[in-house]
Amino acid sequence: MQLQNRFRDPTLVRELAGRIRAAASHRETYTFMEVCGTHTQAIARWGLRELLPDHVRLVSGPGCPVCVTPGGYIDQAARLAMDGDAVVATFGDLLRVPGDTTSLEAARTAGGDVRVVYAPTEALALARKLDREVVFLAIGFETTAAGNAAAVRAAREANLTGLSFYAAMRRVPPVLDALVRDPQVRLDGFLLPGHVSAVLGRGPYRFLEERGVPGVIVGFEPVDILRGVEALLGAVNRGAADVENLYPRAVPEAGNPQALALFDRVFTAEDAVWRGIGEIPGSGYGLAQDWRDLDAAARFGLGPLQARMPAGCQCAPVLKGMILPQECPLFATACTPEHPVGPCMVSREGSCAAHYRYRAS
Amino acid sequence: MCLSLPGQLVERRGSAGVADVDGNRVEVDLSLLDDVDAGDWVLVHAGFAIQRYDEAEALATLRAVREALGAAAEPVPGPHPRP
C-alpha cells in the first residue's frame, strides 16, 4: 500500500532521528521496551537502533506469543497428534518451536496428523470435513484472540461437536504490569503493540500512568516507531507518564468493542505461565465456564502447564529487557535459528532470532 | 505473529468478504466489524478483519509529522480514489 510507504520516507526518518538526538539530553540513559514481535522485527530490519544515540536503548520484551507459549503446551499438543487422539490444527509459527521434549513438526514426522492453518476458521472447515476430532491450538495475544473467540462462537453456533480449542492465549496488559513491578527491571517507557491495541484501545494501558511509566501506541513503520521514541523521550524529560495513541489510523480510543464483548462472553482471564518468565496473575485467556464443552484441555485431560527453561538459556532476562540477546553466552554459538536452544530464538519474531537475522556480520 | 496488514474490501457477503491485501485477494471474516463495506480499508489478521484502517487518520498523522518537522519532507497528497 502506497500510503504505508509514506511512513518510510527517508527524509522524515532522518529528521526524526535528529530530533531524538536533541531531545535525549536530560538523562544518562533512556531505556524503552517494545512488546510486540512485529516491532522487534521492524526495529531490526530498518536498523533503527543504529539511528539512535547509544544512551537511548531499545529493548525487546515478551512480545512474541509463540516464544512465551509454555514448552509443556507444545508437548501435550504434539502427543495428541502422535497418539492419534486428534487432528491438530495450528498456526504455522508454532510448528518448529521445540517444547520441553518434542515439537509439532516431530509429531508430524512421526505420523501424527498436524495441519497448518492460516485462520482459526479453517479449523472449523476441517472439523466439518473430517470424521475425526480436531483440536485447534488457540494461542496468541489479543490480536489473535479476537479471531479465536469468533471461531469458538461459530463452533457453538454450528454445533460442531468434533472441534475443541486448546487455549493458551496471553494478555499484554498484565505482563506489562508484572514488568513494571519487577524490581530487577528498569524501564523508562513502553512502545505499546499497535495491533494488540487495535483490539484493546487505549484504556487497558492507563494503569501505566499510575505506575509512573509512559507508553505510546505506535504502528510498525520507521516513522511510527521513531515518533514513538521521540514522544517517550519528551514524556520522560517532562516527568510525565501519559499513555498516548500515535497510531490512530488503526487504533480507535475504544479499540474493537465487538471483539472486547466477545472476550467477556467466551473467555475468562486466568493466571498463566509465560515461557521464560513464569506465572503472571490474570495474564491468560481460557474458555469461560459456559464454553468448557469446547475446551480441549477438559476433553482430553491435558494437565496444567509449568515453567521450565533449558540449561544456560538467558531468555528470561532477555524477555525482561535486562540483557540484550548478544549478551547471552549461547547466542549465535550453541543457539541459532537452525538449532534453537531457547524460546526467543525459535520464532522469527523472537528477540534473539530478530537480533541474529539482522546482526552485523 | 500479530502481523496484520491493511487491505481494501472488494466485496462483502454477509459476515464474509474479500479484501485486496498488497495485490492479493484474500477471504476475510467480517464478524468482528460492523458496517464496513466494499471500498473500506480494514486491518486483516489471521483471516479476520480486526479493525478499520482509517486513511484520513493516516494522512492526518503524516501531515502532523511534517508540520512538527517544519515541512522538510514532500507534501502529502489527498486520499486514494475508491474503486
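Conventions and cut-offs
- Residues numbered from 1 in each chain as written.
- Chains lettered and ligands numbered in written order.
- Predicted model: local features only at pLDDT ≥ 70, side-chain atom pairs only at ≥ 80, totals over all residues.
- Heavy atoms only, no water.
- Pairing = 2+ DSSP bridges.
- Helix = DSSP H or I, 4+ residues; strand = E, 2+ residues; numbered from the N terminus.
- Axes fitted to C-alpha atoms, helices over the stretch in contact; angles between N-to-C directions.
- Contact = heavy atoms within 4.5 Å.
- Parallel < 35°, antiparallel > 145°, perpendicular 65-115°, else oblique.
- Left-handed = near helix turned anticlockwise from the far one by under 90°.
- Nonpolar A, V, L, I, M, F, W, Y, C, P; charged D, E, K, R; others polar.
- Phe/Tyr/Trp six-rings, centres within 6.5 Å; stacked < 30°, edge-to-face > 60°.
- Buried < 20%, exposed > 50% of the residue type's maximum accessible area, 1.4 Å probe, protein only.
- Lys NZ or Arg CZ within 6 Å of the ring centre and 35° of its normal.
- Disulfide = S-S within 2.5 Å.
- Buried area = accessible area lost by both parts, 1.4 Å probe.
- Salt bridge = Lys/Arg side-chain N within 4 Å of Asp/Glu carboxyl O.
- Arc of directions from axis to C-beta.

### Remarks on the sheet that holds strand β6 (residues 163–170) of chain A
Residue and element names in this part refer to chain A.
Then, in step 1: Spatially, the six strands line up as an open sheet ordered β4-β3-β5-β6-β11-β10, and their pairing is mixed. In this open sheet, the two edge strands, each paired with only one partner strand, are β4 (114–117) and β10 (267–274). Between one strand axis and the next, the sheet turns by 30° as a mean value, whatever way the strands run.
Then, in step 2: Taken together, the seven bridges between strand β5 (residues 134–140) and β6 define a ladder with parallel strand orientation. The partner of Val134 across the bridge, within β6, is Leu163.
Then, in step 3: On top of the sheet, helix α14 (residues 257–266) reaches β10 and β11 (278–287); it is set at about 85° to β10, its chief contact.

### A word on the packing of helix α2 (residues 10–23) of chain A against helix α13 (residues 222–238) of chain A
Residues and elements named next belong to chain A.
Then, in step 1: Remark: α2 packs on α13, axes separated minimally by 10 Å, with the N-to-C direction vectors making an angle of 15°. With respect to each other, α2 and α13 are oriented roughly parallel. As α2 packs across α13, the resulting crossing turns out to be left-handed. Only Pro222, Val223, Leu226, Arg227, Val229, Glu230, Leu233 and Asn237 of α13 make contact with α2, whose side of the interface consists of Leu12, Val13, Leu16, Arg19, Ile20 and Ala23.
Then, in step 2: A breakdown of the residues in the contact of α2 with α13 according to their chemical character gives ten nonpolar, one polar and three charged.

### Describing the packing of aromatic side chains
Residue and element names in this part refer to chain A.
Then, in step 1: Using the criterion set out here, one finds ten aromatic pairs over all chains in the structure.
Then, in step 2: On the basis of an interplanar angle of 40° and a centroid distance of 6.3 Å, the ring pair of Tyr30 and Phe32 is categorised as tilted.
Then, in step 3: We classify Phe32 as buried; its relative accessible area is 0%.
Then, in step 4: Three or more aromatic residues link up through ring pairs in this structure, and these residues are Phe91, Phe136 and Phe165.
Then, in step 5: When the ring centre of Trp291 is taken as origin, the NZ or CZ atom of Arg156, which lies over that ring, is 4.3 Å away.
Then, in step 6: The positively charged end of Arg249 is found above the aromatic ring belonging to Phe7, 3.7 Å away from the centroid.

### Thoughts on the state of the cysteines
Residues and elements named next belong to chain A.
Then, in step 1: Taken as a whole and assessed by the stated rule, the structure comprises two disulfides over all chains.
Then, in step 2: Each sulfur of the disulfide joining Cys315 and Cys344 lies 2.1 Å from the other. When the S-S torsion is 80°, as for the bridge of Cys315 with Cys344, the disulfide is right-handed. Note that Cys315 is positioned in helix α16 (residues 315–319) and Cys344 in the loop between α16 and α17 (351–357), a separation of 29 residues in sequence. In this structure, Cys315 and Cys344 share a single accessibility class: buried.
Then, in step 3: For chain A, the bonded cysteines pair up as 1-2, 3-4 when numbered in the order they occur along the sequence.
Then, in step 4: Unpaired in terms of disulfides, Cys313 finds its nearest cysteine sulfur in Cys315, a separation of 4.7 Å.
Then, in step 5: Left without a disulfide partner, Cys335 is nearest to the cysteine sulfur of Cys352, which lies 6.3 Å away.
Then, in step 6: Given a relative accessible area of 8%, Cys335 falls into the buried group.

### Digging into the side chain of Glu142 of chain A
Then, in step 1: With respect to the helices, strands and loops of the structure, Glu142 of chain A is situated in helix α9 (residues 142–157).
Then, in step 2: Other than its neighbours up to four places away in sequence, Glu142 of chain A contacts Arg170, Arg171, Val172, Pro173, Val196, Val199, Leu200 and Phe263 of chain A.

### As for the environment of Val21 of chain B
Residue and element names in this part refer to chain B.
Then, in step 1: Its place among the elements puts Val21 in strand β2 (residues 16–21).
Then, in step 2: Sequence separation between Val21 and Pro6 is 15 residues; the distance between their C-alpha atoms is 6.4 Å.
Then, in step 3: Not counting residues up to four positions away in its chain, the partners in contact with Val21 are Leu5, Pro6, Gly7, Val26 and Val44.

### A closer look at the interface of chain B and chain A
Then, in step 1: Contact residues are listed per partner, giving 40 residues for chain B and 46 residues for chain A.
Then, in step 2: At the boundary of chain B with chain A, total buried surface from both sides reaches about 3,700 Å², with 65% on carbon and sulfur atoms.
Then, in step 3: Counting the contacts that link chain B with chain A gives zero salt bridges.
Then, in step 4: Within the residue set of the side of chain B that touches chain A, elements represented by two or more residues are β4 (41–45), β5 (48–52) and α1 (55–68) of chain B.
Then, in step 5: When residues of the side of chain B that touches chain A are assigned to their parent elements, the largest contribution, nine residues, is made by α1 of chain B.
Then, in step 6: Of the residues contributing to the side of chain B that touches chain A, the split by class is 24 nonpolar, seven polar and nine charged.

### Some points on helix α8 (residues 120–129) of chain A
Then, in step 1: Within α8 of chain A, burial applies to Pro120, Ala123, Leu124, Leu126 and Ala127 of chain A. One side of α8 of chain A holds all its buried residues, which, seen down the axis, span an arc of 160°. The exposed set on the far side of α8 of chain A, more than 90 degrees from its buried face, consists of Arg128 and Lys129 of chain A.
Then, in step 2: Taken together, the buried residues of α8 of chain A touch β3 (87–91), β4, β5, α9 and β6 of chain A together with β5 of chain B.

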